[in-house]
Structures are given as C-alpha cells and as structure tokens.
Amino acid sequence: GEVLVDSGFAPDTAQTRDQITSLKKTLGRLENRTRDQEDALQKALKSLEKFYDAHVAIMDDLSEVTQELRAMKAVSSELEHIRNQQDDFRRFRTRVVEPLAQNVDGVNKLGQDLVRSAQSGVSTTQLEKDLEKMNEKWNELKEKMQERDRRLDVGLLQSGKFQEALDGFSKWLSDAEEMVE
C-alpha cells in the first residue's frame with residue numbers, strides 16, 4: 001500500500017493511509033493468532049510425545065514384570081521354603097510392582113489430561129484405546145500377583161500352619177477389597 005502511494009500508483013489520501021493502517025493491524029492480529037495456534041500445537045505435540053514415550057516404557061515394564069512373575073518357582077510344599085517365597089514375593093512387590101503402579105497412575109493422568117484438553121473435533125479414540133490396553137495389561141498383572149499371593153497362602157495352609165495361612169489370606173482379602181474399591 002505505502003509503496004503504491006510512494007510510487008505514484010495510488011492517491012495519497014487519508015483514506016488510503018487509514019486502509020493501510022487497518023490492514024497492518026489485521027495482519028498483526030492474524031500473525032499473533034497464528035503464532036498462538038502454532039505454540040498450542042507444539043505444546044500438544046510435546047505432551048503427546050511425552051505420553052507415548054511413557055506409555056511405551058510402561059508397556060515394556062508390564063511385560064517384563066509379568067515375565068518375572070511367571071519365572072518365579074512353583075510354590076513349595078515345605079514351610080520354610082514357602083516363608084522364603086512369601087518374603088521374596090513381598091520384596092518383589094515393594095521393589096518392582098509398587099513403583100510400577102505409580103508409573104501407571106502417572107501415564108493414566110497424562111493420557112486423561114490429553115483427552116480432556118483435546119479441542120472439539122479432534123479424535124482421541126486411539127489415545128483412549130492405548131490407555132485401555134495399558135490398563136488391561138496392568139489389571140492382568142495385578143490379578144496374577146493376587147493369584148501368586150493366594151497360592152503361597154494355600155501352600156502355608158497345606159503345610160499345617162493354619163494360623164499363618166489365615167493371616168496371609170486375610171491380608172490378601174483386604175488387598176483384593178482395596179483393589180476393587
């Protein structure tokens with residue numbers, strides 16, 4: 001616009017100058033909106049990448065922990081061995097499974113935040129399916145953990161230590177109730 005006026009191709013009127021100023025303001029607003037939208041997209045992309053990096057790591061960890069659980073020796077029939085197996089199992093739960101539970105919760109929060117923050121019209125179906133798959137795998141692991149705990153308690157019961165087995169079973173029952181809640 002100014003070049004046209006300066007070159008003599010357009011009249012130098014106040015109206016032309018006002019139009020040029022108005023166009024510059026409009027262009028500035030459009031540039032700001034574009035920049036804001038690009039920033040929002042970059043932020044969403046970073047969040048999505050963070051989620052999927054964490055999701056892949058959790059899925060690998062879940063597979064690994066499930067393998068470790070499967071690799072545990074069968075429940076012994078001797079009292080002392082069963083007690084050692086229970087101690088090993090408690091340490092395994094504390095050292096491996098409980099930290100994994102916190103990580104699963106963190107990934108769930110990341111995923112749910114992404115789903116909630118998605119703009120209308122943006123499909124979150126795949127993200128939701130990936131969360132569901134992770135949670136199914138996590139629930140399967142928890143069930144296998146409970147089954148192992150129960151088998152150890154049954155082994156104690158069969159070894160003749162009824163009271164210890166009853167205490168262990170009672171603990172398993174309260175753990176199961178907590179998980180259901």
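Residues numbered from 1 in each chain as written. Predicted model: local features only at pLDDT ≥ 70, side-chain atom pairs only at ≥ 80, totals over all residues. Heavy atoms only, no water.

Visitor: I keep staring at the overall build of the protein chain and nothing clicks. Help me out?
Guide: If you tally the helices and strands in the protein chain, you get five helices and zero strands. Tracing the protein chain from N to C terminus, the helices and strands come up as α-α-α-α-α. Its C-alpha atoms give the protein chain a radius of gyration of 31 Å, clearly above 16 Å, the size a compact globule of 181 residues would have. Its C-alpha atoms put the protein chain at 105 × 25 × 20 Å along the principal axes. Burial statistics for the protein chain: of 181 residues in total, 26% are counted as buried. Considering only contacts within the protein chain whose residues lie at least 6 apart along the sequence, 71% involve residues at least 24 apart. Accessible surface, the protein chain: about 12700 Å² in total, of which carbon and sulfur atoms supply 52%. The protein chain carries 28 positive and 36 negative side-chain charges, and their two centres are separated by 1 Å. (Helix = DSSP H or I, 4+ residues; strand = E, 2+ residues; numbered from the N terminus. Rg over C-alpha atoms; globule rule 2.2 N^0.38 Å. Buried < 20%, exposed > 50% of the residue type's maximum accessible area, 1.4 Å probe, protein only. Contact = heavy atoms within 4.5 Å. Areas by Shrake-Rupley, 256 points an atom, 1.4 Å probe, with all protein chains shown as cover. Lys, Arg positive; Asp, Glu negative; His and termini not counted. Charge placed at Lys NZ, Arg CZ, Asp CG, Glu CD.)

Visitor: Explain the packing of helix α2 (residues 14-70) against helix α4 (residues 125-158) to me, please; I cannot follow it from the model alone.
Guide: Relative placement of two packed helices is described by the angle separating their axes and the distance separating the axes. One way to put it is that α2 packs onto α4 with a least axis distance of 10 Å and a crossing angle of 25°. Relative to α4, the element α2 lies roughly parallel. Crossing handedness for the pair α2 and α4: left-handed. Contacts from Leu 48, Phe 51, Tyr 52, His 55, Ile 58, Met 59, Leu 62, Ser 63, Val 65, Thr 66, Leu 69 and Arg 70 of α2 reach α4 at Gln 126, Leu 127, Asp 130, Leu 131, Lys 133, Met 134, Lys 137, Trp 138, Leu 141, Lys 144, Met 145 and Arg 148. Of the residues in the contact of α2 with α4, the class split is 14 nonpolar, four polar and six charged. (Axes fitted to C-alpha atoms, helices over the stretch in contact; angles between N-to-C directions. Parallel < 35°, antiparallel > 145°, perpendicular 65-115°, else oblique. Left-handed = near helix turned anticlockwise from the far one by under 90°. Nonpolar A, V, L, I, M, F, W, Y, C, P; charged D, E, K, R; others polar.)

Visitor: Please explain the nonpolar core as it appears in this structure.
Guide: One broad rule of soluble globular proteins: the nonpolar side chains tend to lie buried together. One finds Leu 62, Leu 100, Met 134, Trp 138 and Leu 141 to be the most contacted residues of the largest nonpolar core, which totals 26 residues. Mapped onto this core, the elements with two or more residues apiece are α2, α3 (79-117) and α4. When residues in this core are grouped by element, the largest group, twelve residues, is from α3. Residues in contact with Trp 138, not counting those within four places in the same chain, are Leu 62, Val 97, Leu 100, Ala 101 and Val 104. (Core = buried A, V, L, I, M, F, W, Y, C linked by side-chain atoms within 4.5 Å.)

Visitor: How should the packing of α2 against α3 be read in this particular structure?
Guide: Between α2 and α3, the shortest axis-to-axis distance is 9 Å and the interhelical angle comes to 155°. If you check the angle between α2 and α3, you find them roughly antiparallel. As for the relative orientation of α2 and α3, their crossing is left-handed in sense. In terms of residue class, the contact of α2 with α3 is made up of 17 nonpolar, four polar and four charged.

Visitor: Hey, could you run me through the packing of aromatic side chains in this one?
Guide: Given two aromatic rings, one states the distance between the centres and the angle between the planes to describe the pair. With the rule as written, the count across this model stands at two aromatic pairs. Taking 4.8 Å as the distance between ring centres and 80° as the angle between the ring planes, the aromatic pair formed by Phe 51 and Tyr 52 counts as edge-to-face. (Phe/Tyr/Trp six-rings, centres within 6.5 Å; stacked < 30°, edge-to-face > 60°.)

Visitor: Could you clarify how one ought to interpret the environment of Arg 70 in this entry?
Guide: With respect to the helices and strands, the residue Arg 70 is situated in helix α2. Sequence spacing of Arg 70 and Met 145 is 75 residues, and the spatial spacing of their C-alpha atoms is 9.9 Å.

Visitor: Please clarify how the pattern of salt bridges should be interpreted in this entry.
Guide: Think of it this way: side chains of opposite charge can pair up when their charged atoms draw near. Tallied over the entire structure, the rule returns eight salt bridges. Residue Asp 113 is joined to Lys 109 by a salt bridge in which the shortest nitrogen-to-oxygen separation is 2.9 Å. With Asp 113 and Lys 109 both in helix α3, this residue pair falls four residues apart, about one helical turn. Beyond isolated ion pairs, a larger network of salt bridges with shared partners links Lys 109, Asp 113 and Arg 116. (Salt bridge = Lys/Arg side-chain N within 4 Å of Asp/Glu carboxyl O.)

Visitor: Explain the environment of Leu 166 to me, please; I cannot follow it from the model alone.
Guide: Relative to the helices and strands, Leu 166 resides in helix α5 (residues 162-180). Residue class for Leu 166 comes out partly exposed when judged on its relative accessible area of 39%. Between the C-alpha atom of Leu 166 and that of Val 154, which follows or precedes it by twelve residues, the distance is 9.1 Å.

Such coordinate-based values are descriptive only and should not be taken to indicate function.
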